[in-house]
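A closer look at the structure
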Amino acid sequence: MHSKEHARLNTPTDLGERAREDITGSVNMLLADTFGLFMKTKNFHWHVSGPHFRDYHLLFDEQAEEILGITDVLAERVRKLGGTTLHSIGHIAKLQRASENDAEYVDPQDMLAELREDNQAMIARMREVHALCDGHHDVGTSSLLEEFIDQAERRAWFLFEASRSSGLIRH
């Protein structure tokens with residue numbers, strides 16, 4: 001993008017250019033991870049089977065919708081700070097750190113454990129971005145992340161409790 005075209009996308013912010021670059025870069029990576037977690041959660045929603053099918057199917061769908069809801073908020077936050085955000089699946093793939101699972105079959109207990117671990121990894125990444133935002137005095141992004149951390153902690157908790165019913169908790 002030419003500098004004149006890029007300038008049209010630079011929303012003014014009082015945080016400064018360094019903060020804009022640091023925060024928007026970190027939030028874009030978090031956004032890519034969020035899309036990855038959404039896709040994995042939906043994948044497990046579509047492919048879960050077994051005696052707890054209904055419960056897990058509904059749990060994964062509820063969690064996927066919550067995760068998807070985060071994506072627009074994160075992308076719009078990047079734009080509010082004058083950055084540009086993700087443009088394609090390829091862009092997501094380049095930035096994503098979240099693990100994928102392309103297995104033909106995944107045991108439902110493994111689904112619960114894997115999603116719990118992924119949500120816990122997402123919490124850690126959100127805390128890192130939160131600390132970065134605090135360092136730049138970006139209370140807007142920090143406050144959003146606080147809400148998203150709480151949501152992810154709730155998802156991890158539900159996944160943990162659902163896995164307890166079988167006695168196969170993995171730490």
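Residues numbered from 1 in each chain as written. Predicted model: local features only at pLDDT ≥ 70, side-chain atom pairs only at ≥ 80, totals over all residues. Heavy atoms only, no water.

1. Things to note about the overall build of the protein
If you tally the helices and strands in the protein, you get six helices and zero strands. Order of helices (α) and strands (β) in the protein, N terminus to C terminus: α-α-α-α-α-α. On the principal axes, the C-alpha backbone points of the protein span a range of 60 × 30 × 20 Å. Considering the protein as a whole, with its 171 residues, one finds that 45% of them fall into the buried category. Total accessible area on the protein stands at roughly 9,300 Å², and carbon and sulfur atoms take up 54% of it. Between the averaged position of the 19 positive side-chain charges in the protein and that of its 29 negative side-chain charges there is a distance of 4 Å. (Helix = DSSP H or I, 4+ residues; strand = E, 2+ residues; numbered from the N terminus. Buried < 20%, exposed > 50% of the residue type's maximum accessible area, 1.4 Å probe, protein only. Areas by Shrake-Rupley, 256 points an atom, 1.4 Å probe, with all protein chains shown as cover. Lys, Arg positive; Asp, Glu negative; His and termini not counted. Charge placed at Lys NZ, Arg CZ, Asp CG, Glu CD.)

2. What about the packing of helix 5 (residues 108–135) against helix 6 (residues 139–164)?
Packing of helix 5 against helix 6 brings their axes to within 9 Å, and their N-to-C directions diverge by 160 degrees. Taken together, the axes of helix 5 and helix 6 are roughly antiparallel relative to one another. Where helix 5 crosses over helix 6, the two elements pack in a sense that is left-handed. Of the residues contributing to the contact of helix 5 with helix 6, the split by class is 14 nonpolar, seven polar and six charged. (Axes fitted to C-alpha atoms, helices over the stretch in contact; angles between N-to-C directions. Parallel < 35°, antiparallel > 145°, perpendicular 65-115°, else oblique. Left-handed = near helix turned anticlockwise from the far one by under 90°. Nonpolar A, V, L, I, M, F, W, Y, C, P; charged D, E, K, R; others polar.)

3. Quick notes on the side chain of Asp 33
Mapped onto the fold, Asp 33 is located in helix 2 (residues 17–47). Residue classification places Asp 33 among the buried residues on the basis of a relative accessible area of 0%. Non-local contacts of Asp 33, meaning those with residues more than four positions away in its chain, are made with Leu 95, Gln 96, Arg 97, Ala 98, Met 122 and Arg 125. (Contact = heavy atoms within 4.5 Å.)

4. Quick word on the layout of surface pockets
The calculated volume of the largest pocket comes to roughly 250 Å³. Surrounding the largest pocket, 13 residues form its lining, Phe 35, Gly 36, Met 39, Gln 96 and Glu 100 being those nearest its centre. Sorting the residues of the lining of the largest pocket by element identifies helix 2 and helix 4 (89–95) as the ones contributing at least two each. Classifying every residue of the lining of the largest pocket by side-chain character gives six nonpolar, four polar and three charged. (1 Å grid on protein atoms, 1.4 Å probe; cavity = no way out; pocket = protein on both sides within 12 Å on 5 of 7 lines; lining within 4 Å. Points joined across faces, edges and corners; volume = space filled by probe spheres on them.)

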